[in-house]
There are 2 protein chains.
Amino acid sequence: MSANDRALSYLDDLEPGQRFVGSARLRVDEERIKSFAAEFDPQPFHLDDEAARATLFRGLAASGWHTAAVTMRLLVSHDFPLAGGIIGAGFDELRWPLPVRPGDTLRVECEVLEVRPSKSRPEQGLIKLRTTTFNQHDQPVQISVGNLVVPRRAP
Amino acid sequence: MSANDRALSYLDDLEPGQRFVGSARLRVDEERIKSFAAEFDPQPFHLDDEAARATLFRGLAASGWHTAAVTMRLLVSHDFPLAGGIIGAGFDELRWPLPVRPGDTLRVECEVLEVRPSKSRPEQGLIKLRTTTFNQHDQPVQISVGNLVVPRRAP
């Protein structure tokens, strides 16, 4: 299934190993890194390049929550046409192997790891999805494993 | 240790069971729920109250990433005075037991679960921290278990 296949997927259409690739790309600008951080994560390494050089990040880096939010935007906009929308019940893993730098352009790839019909709610189920966010050098900047609520097709 | 104790904590100062409570509070407005969603998570249940009523959320709800970002703001601003800042290496768990609704006021509580000096980098270590975000009814709206990088005191 590619990003161009816009038919909505129900739980019944999904199986482990399915991958969603060919996502759109979003550029993360220095100004938005700083303004996002000013509102939500006002620490020197997200606000000021000079101050960031003396930190673990060795230069301005986007807040991980900014990277997570941009990843969500890429999923919602283009890449993963789930019936019912993209509704995360929670994550088993979320990490940022490399910082996102000013001017980086991000894209995502997803793989279905598990598909589980709900026992108590026959109209829906859960999938476990690994989502990897890459920068323009094809380096992973975020890896998550999340559980998403997906409706079943009406019988 | 309370939120009023502003001395910076190094790895050496932390131990399992320590709790950080008494956080500041932040109100999440309907307009910011919608504008955050328009940029990062443009789905009907985060954008429009009418449309949201027909969904799993049964009314307008903040994006989980918005809740996560507000939680980060509460941690950074007031509650958890770590030397070196709050630097998440990744999360073992992140979930949203209840939606955040327009006008909800959030606060956080943290508990240190583990403290681990680094073997390869003697100047730092990792702590595992559970952070719970509560609404004004003391209901948890986000629970995370994250691993944070924390510097050690110079010997």
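You'll find the structure just up there.
I will try to describe carefully the structure that is included in this document. Small disclaimer: the values here were computed from a predicted structure and weren't measured. Within every chain, residues take consecutive numbers counted from 1 along the sequence as written. The lettering of chains begins at A and the numbering of ligands begins at 1, in the order of writing. Local features in a predicted model are, by the rule used here, given only for residues with pLDDT of at least 70; side-chain atom pairs are given and counted only at 80 or more, and totals for whole chains, interfaces and linings are based on all residues. To get the side-chain values, take all heavy atoms of the structure and skip hydrogens and water.

**Considerations on the overall build of chain A**
Here a helix means four or more residues in a row that DSSP labels H or I, a strand means two or more in a row labelled E, and each is numbered from the N terminus. Regarding its fold elements, chain A presents four helices and six strands. Going residue by residue from the N terminus, the α and β elements of chain A occur as β-β-α-α-α-α-β-β-β-β. For chain A, the proportion of contacts with a sequence separation of at least 24, taken over those separated by at least 6, is 69%. The convention is simple: Lys and Arg are positive, Asp and Glu are negative, and His and the chain ends are not counted. Every charge is mapped to an atom, namely NZ of Lys, CZ of Arg, CG of Asp or CD of Glu. Taking the average location of the 19 positive side-chain charges in chain A and that of its 21 negative ones, the two points are 3 Å from each other. Pairs of residues are marked as contacts when any of their non-hydrogen atoms sit within 4.5 Å.

**Some points on the relation of the copies chain A and chain B**
A residue counts toward the fit only if its pLDDT is at least 70 in both copies, and the copies are then superposed by least squares on the C-alpha atoms of those residues. After a rotation of 180 degrees and a shift along the axis of 0.0 Å, chain A superposes on chain B with an RMSD of 0.0 Å. In short, the pair behaves as if placed about a two-fold rotation axis. Most of the interface of chain A is mirrored in chain B: 100% of its interface residues are interface residues there too.

**A short note on the environment of B:Ser35**
All names here are of chain B. Within the secondary structure, Ser35 sits in helix H1 (residues 30–40). Placed 47 residues apart in sequence, Ser35 and Leu82 show a C-alpha to C-alpha distance of 31 Å. Here Arg32 takes part through its side chain, which lies 2.7 Å from a polar atom of the side chain of Ser35. Each polar contact in these results corresponds to two N or O atoms within 3.5 Å; when the atoms are within protein, one needs to be able to donate a hydrogen and the other to accept it, and residues that are neighboring in sequence are counted only if both atoms are side-chain atoms.

**What about the nonpolar core?**
Nonpolar core, defined: a set of buried Ala, Val, Leu, Ile, Met, Phe, Trp, Tyr and Cys residues in which side-chain atoms within 4.5 Å join the residues together. Summary of the burial criterion: residues with accessible area below 20% of their type's maximum are buried, those above 50% are exposed, and those between are partly exposed, where the area comes from a 1.4 Å probe applied to protein chains only. Counting 67 residues, the largest nonpolar core has A:Trp65, A:Phe80, B:Trp65 and B:Phe80 as its most contacted members. Apart from residues lying up to four places away in sequence, B:Phe80 is in contact with B:Phe20, B:Leu75, B:Ile86, B:Ile127, B:Leu129 and B:Leu148.

**What about the pairing of strand E6 (residues 140–151) of chain A?**
Residues and elements named next belong to chain A. Most of E6 sits inside the fold, with 10 of its 12 residues counted as buried. Sheet topology note: the strand E3 (residues 87–95)/E6 ladder contains seven bridges and is antiparallel. Residue pairing in the sheet places Gly88 in a bridge with Leu148 of E6. As paired strands, strand E5 (residues 124–134) and E6 are joined by 11 bridges and run antiparallel to one another. Bridged to Ile127 within E6 is Leu148. Criterion used throughout: strands pair if DSSP finds at least two bridges between them. Count of turn residues in the E5/E6 antiparallel hairpin: five residues, of which Asp138 carries a positive phi of about 60 degrees.

**Some details on the interface of chain A and chain B**
On the chain B side, the residues contacting the 35 residues of chain A number 35 residues. Buried area: the accessible area, evaluated with a 1.4 Å probe, that two parts lose upon being put together, summed over both parts. Taken together, both faces of the contact between chain A and chain B bury some 2900 Å²; the carbon and sulfur share is 64%. For the chain A face of the interface with chain B, the top three residues by lost area are A:Phe40, A:Trp65 and A:Phe91, together amounting to 24%. The salt bridge involving B:Arg32 is made with A:Glu39; its shortest N-O contact spans 2.8 Å. One can count 12 residue pairs in polar contact (both at pLDDT 80 or more) joining chain A with chain B. Sorting elements by how many residues they give to the side of chain A that touches chain B places E3(A) first, with nine residues. Gly counts as polar in this scheme, as do all residues outside two lists: the nonpolar Ala, Val, Leu, Ile, Met, Phe, Trp, Tyr, Cys and Pro, and the charged Asp, Glu, Lys and Arg. Split by residue class, the side of chain A that touches chain B holds 20 nonpolar, seven polar and eight charged. In this structure, E3(A) lies alongside strand E3 (residues 87–95) of chain B, joined through four bridges in antiparallel fashion. Bridge pairing in E3(B) links A:Gly90 to B:Arg95. For this analysis, a salt bridge means a side-chain nitrogen from Lys or Arg found within 4 Å of a carboxyl oxygen belonging to Asp or Glu.

**Looking at helix H1 (residues 30–40) of chain A**
Along H1(A), the residues that are buried comprise A:Ile33, A:Phe36, A:Ala37 and A:Phe40. When H1(A) is viewed along its axis, its buried side chains cluster within an angular range of 100 degrees and face the same direction. This arc describes the spread of directions from the helix axis toward the C-beta atoms.

**Describing the pattern of salt bridges**
A full pass over the atoms with the stated rule returns 30 salt bridges over all chains. For A:Glu93, the salt bridge identified is with A:Arg95, shortest N-O distance 2.7 Å. The salt bridge involving B:Arg130 is made with B:Glu111; its shortest N-O contact spans 3.5 Å. In this pair, B:Arg130 is assigned in strand E5 (residues 124–134) and B:Glu111 in strand E4 (residues 105–117), connecting sequence segments 19 residues apart. A single network of salt bridges, built from pairs that share partners, joins A:Arg19, A:Arg107, A:Glu109 and A:Asp138.

**Details of the pairing of E5(B)**
Residues and elements named next belong to chain B. Most of E5 sits inside the fold, with nine of its 11 residues counted as buried. With 10 bridges connecting them, E4 and E5 associate as antiparallel partners. In the strand pairing of E5, Glu114 is matched with Lys128.

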